[in-house]
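This is what each chain is made of:
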Amino acid sequence: MSKVWINGKLFDKDDAKISVFDHGLLYGDGVFEGIRIYGGKAFRLDEHIERLYESARHIALEIPLPPERMSQAVLDTIRANAKIDGYIRLVVTRGAGTLGLDPKRCSNPQIIVIVDDIALYSAESYERGLSIVTSSIIRNHPNALNARIKSLNYLNNILAKIEAVRAGCQEAIMLNHNGEVAECTADNLFLVKRGILRTPHLVAGILEGITRNAVIELARAAQITVQEMALTRHDIYSADECFLTGTAAEVAPIVECDGRLIGNGKPGPITRQLREQFHRLARQ
Ligand code: PMP
């Protein structure tokens, strides 16, 4: 049975429990990370830990553990589960409190590390490419709930995901409050136009994906021009190639959006190149 790390102790999965009064449950008050394990190593662990602490800082949640000990907790949990390839879910909740909103009335934040198997898109999805739709649900306004916070409140994304699934798709594009392309429900978005790689700028109101950053680095190293800029649906429909990035998805081609074929309707050469390079980087 898999082992879950909670506040410094390992529990069998079935015994891993926290209070029903935890504000993580009652209000989605907390932050998290999703981290990939390749060959027994946590990919870009430092970046994930840094993003976790930045998210926590934004919601004024003081994590009762220094970042180095948090990293060690992740590594210990990987080892305790003897996991070679998999996925880590790192969660920090506000802690148990009263039924009011006030975070000050919550006791100690709960730190949870779960190790699980990775659920990928099918091999066929990568071979043929994904078909996606634009959701009617816009991404949270940055002044309402900034998407840079990887918070436990994912309803914005879940509402869009429901639309994707109803449309028979695995992902959906979310626009921002200005009608520009923001990101997908759990992935960042890229397109290729005349050899140039384009992706929405962080100010579009998106999560700063670790995979997104890795792909930008790989592209620049391969002398591909990268532009972070405002993009609209027109840019997606008229792109030569399109793909999404995420810890679970890695680099996944998109070949159709809202019933329009993108490019020739097949995964393009730059998408394939970056997917292979990302594979190599992750598994090196
Ligand atoms: N956007 C959102 C909303 C996400 O939830 C995720 C996945 N956590 C991403 C983008 C991709 O980020 P990363 O590459 O760090 O997994």
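Rules and cut-offs
- Each chain has its residues counted from 1, following the order in which its sequence is written.
- Where totals are concerned, whole chains, interfaces and linings use all residues; where local detail is concerned, this predicted model gives features only for residues with pLDDT of at least 70, and gives and counts side-chain atom pairs only at 80 or more.
- As a convention, hydrogens and water are excluded, and side-chain values are obtained from all of the structure's heavy atoms.
- Strands pair, by our definition, only if DSSP identifies at least two bridges between them.
- Strands here are runs of E lasting at least two residues and helices are runs of H or I lasting at least four, both read from the DSSP assignment and numbered beginning at the N terminus.
- Side-chain rings of Phe, Tyr and Trp (the six-membered ring for Trp) are treated as a pair once their centres are within 6.5 Å; stacked means planes under 30 degrees apart, edge-to-face means over 60, and tilted covers the remaining angles.
- The rule is simple: take the accessible area with a 1.4 Å probe, protein chains only, and divide by the maximum for that residue type; under 20% is buried, over 50% is exposed, in between is partly exposed.
- Note that the domain bounds reflect an automated or database-derived domain assignment.
- Contact definition: two residues touch when any of their heavy atoms are within 4.5 Å.
- Buried area: the accessible area, evaluated with a 1.4 Å probe, that two parts lose upon being put together, summed over both parts.
- For helices, the axis comes from a line fit to the C-alpha atoms of the stretch in contact; other axes are also lines fit to C-alpha atoms, and the angle between any two N-to-C directions lies between 0 and 180 degrees.
- What sets the label is the angle itself: under 35 degrees gives roughly parallel, over 145 gives roughly antiparallel, 65 to 115 gives roughly perpendicular, and the rest give oblique.
- Handedness of a crossing is defined here by the sense of rotation of the near helix relative to the far one, left-handed for an anticlockwise turn of less than a right angle and right-handed for a clockwise turn.
- Asp, Glu, Lys and Arg are counted as charged, while Ala, Val, Leu, Ile, Met, Phe, Trp, Tyr, Cys and Pro are counted as nonpolar; the rest, among them Gly, fall into the polar class.
- Helix span, expected: 1.5 Å multiplied by one less than the number of residues in the helix.
- Arc definition: directions from the helix axis to the C-beta atoms.
- Note on terminology: a nonpolar core comprises buried Ala, Val, Leu, Ile, Met, Phe, Trp, Tyr and Cys residues joined through side-chain atoms within 4.5 Å.
- pLDDT is a residue-level measure of predictor confidence that goes from 0 to 100.

Within a sheet, adjacent strands bond to each other through the backbone by hydrogen bonds, running parallel or antiparallel. Pairing within the open sheet is antiparallel, and its six strands lie in the order β2-β1-β6-β5-β3-β4. Every interior strand has two partners, whereas the edge strands, β2 (9–12) and β4 (41–42), have only one.

This model, assessed by the stated rule, comprises five aromatic pairs. Taking the centre distance of 5.8 Å and the plane angle of 90 degrees together, the rings of Tyr38 and Phe43 count as edge-to-face. Tyr38 sits in the buried class, given a relative accessible area of 6%. Residue Phe43 is classed as buried on the basis of its relative accessible area, which comes to 12%. On the basis of an interplanar angle of 55 degrees and a centroid distance of 6.1 Å, the ring pair of Tyr121 and Tyr126 is categorised as tilted.

Once the domains are mapped, the protein chain shows domain 1 (3–116) and domain 2 (123–283). Using only C-alpha atoms to locate each centre, domain 1 and domain 2 end up separated by 26 Å. Taken residue by residue, the interface counts 24 residues in domain 1 and 21 residues in domain 2. Together domain 1 and domain 2 conceal approximately 1800 Å² of surface at their shared face, both sides included; 63% is due to carbon and sulfur atoms.

Put simply, helix α2 (residues 45–58) and helix α3 (residues 67–80) touch, their axes get as near as 10 Å, and they point 125 degrees apart. Considered as vectors, α2 and α3 are oriented oblique to each other. The way α2 lies across α3 gives a crossing that is right-handed. Where α2 approaches α3, its residues Leu45, Ile49, Leu52 and Tyr53 are matched on the opposing element by Pro67, Met70, Ser71, Val74 and Leu75. Looking at the contact of α2 with α3 residue by residue, the class counts come to eight nonpolar, one polar and no charged.

What follows is about α3. Taking 1.5 Å as the rise per residue, α3 with 14 residues should run 20 Å; its terminal C-alpha atoms sit 20 Å apart, in good agreement. Along α3, the positions that sit buried rather than exposed are Met70, Ser71, Ala73, Val74, Thr77 and Ile78. The arc that holds the buried residues of α3, viewed along the axis, is 155 degrees, so those residues lie on one side. Residues of α3 that are exposed and angled more than 90 degrees away from the buried face: Glu68, Arg69 and Arg79. Among the residues trailing α3, Ala82 stands out with phi positive, at a value near 50 degrees.

One finds Val31, Leu52, Ile63, Met70, Ile88, Leu90 and Val92 to be the most contacted residues of the largest nonpolar core, which totals 25 residues. Of all elements in the fold, only β3 (30–38), α2, α3, β5 (86–93) and β6 (110–116) reach the threshold of two or more residues within this core. The dominant element in this core, judged by the number of residues it contributes, is α2, at five residues. Beyond its immediate stretch of four places on either side in the chain, Val92 contacts Gly30, Val31, Leu52, Leu61, Ile63, Met70, Pro109, Gln110, Ile111 and Leu152.

The next subject is the pairing of strand β1 (residues 3–6). Within a regular strand, the side chains alternate between the two sheet faces. Two elements, β1 and β2, share four bridges in a ladder whose sense is antiparallel. Its bridge partner lying in β2, Ile6 is registered against Lys9. Where β1 folds back onto β2 in an antiparallel hairpin, the turn is made up of two residues, including Asn7, whose phi is positive at roughly 50 degrees. Two elements, β1 and β6, share two bridges in a ladder whose sense is antiparallel. Across the sheet, residue Trp5 finds its bridge partner in β6, namely Val113.

Right, let's get into the confidence of the model for the protein chain. A residue-level look at the protein chain finds 100% of positions with pLDDT of 70 or above and a mean pLDDT of 97. Of all secondary-structure elements in the protein chain, the lowest mean pLDDT belongs to helix α4 (residues 123–128), at 96, while strand β11 (residues 196–199) reaches the highest, 99.

Before going further, it helps to examine the pairing of β3. Within β3, nine of the nine residues are buried, which leaves it mostly tucked inside the rest of the structure. Residue alternation in β3 divides its side chains into two sets, Gly30, Phe32, Gly34, Arg36 and Tyr38 and Val31, Glu33, Ile35 and Ile37, and both sets are buried. Two elements, β3 and β4, share two bridges in a ladder whose sense is antiparallel. For Tyr38, the partnering residue across the bridge sits in β4 and is Lys41. Between the antiparallel neighbours β3 and β4 lie two residues, among them Gly39 with a positive phi of about 55 degrees.

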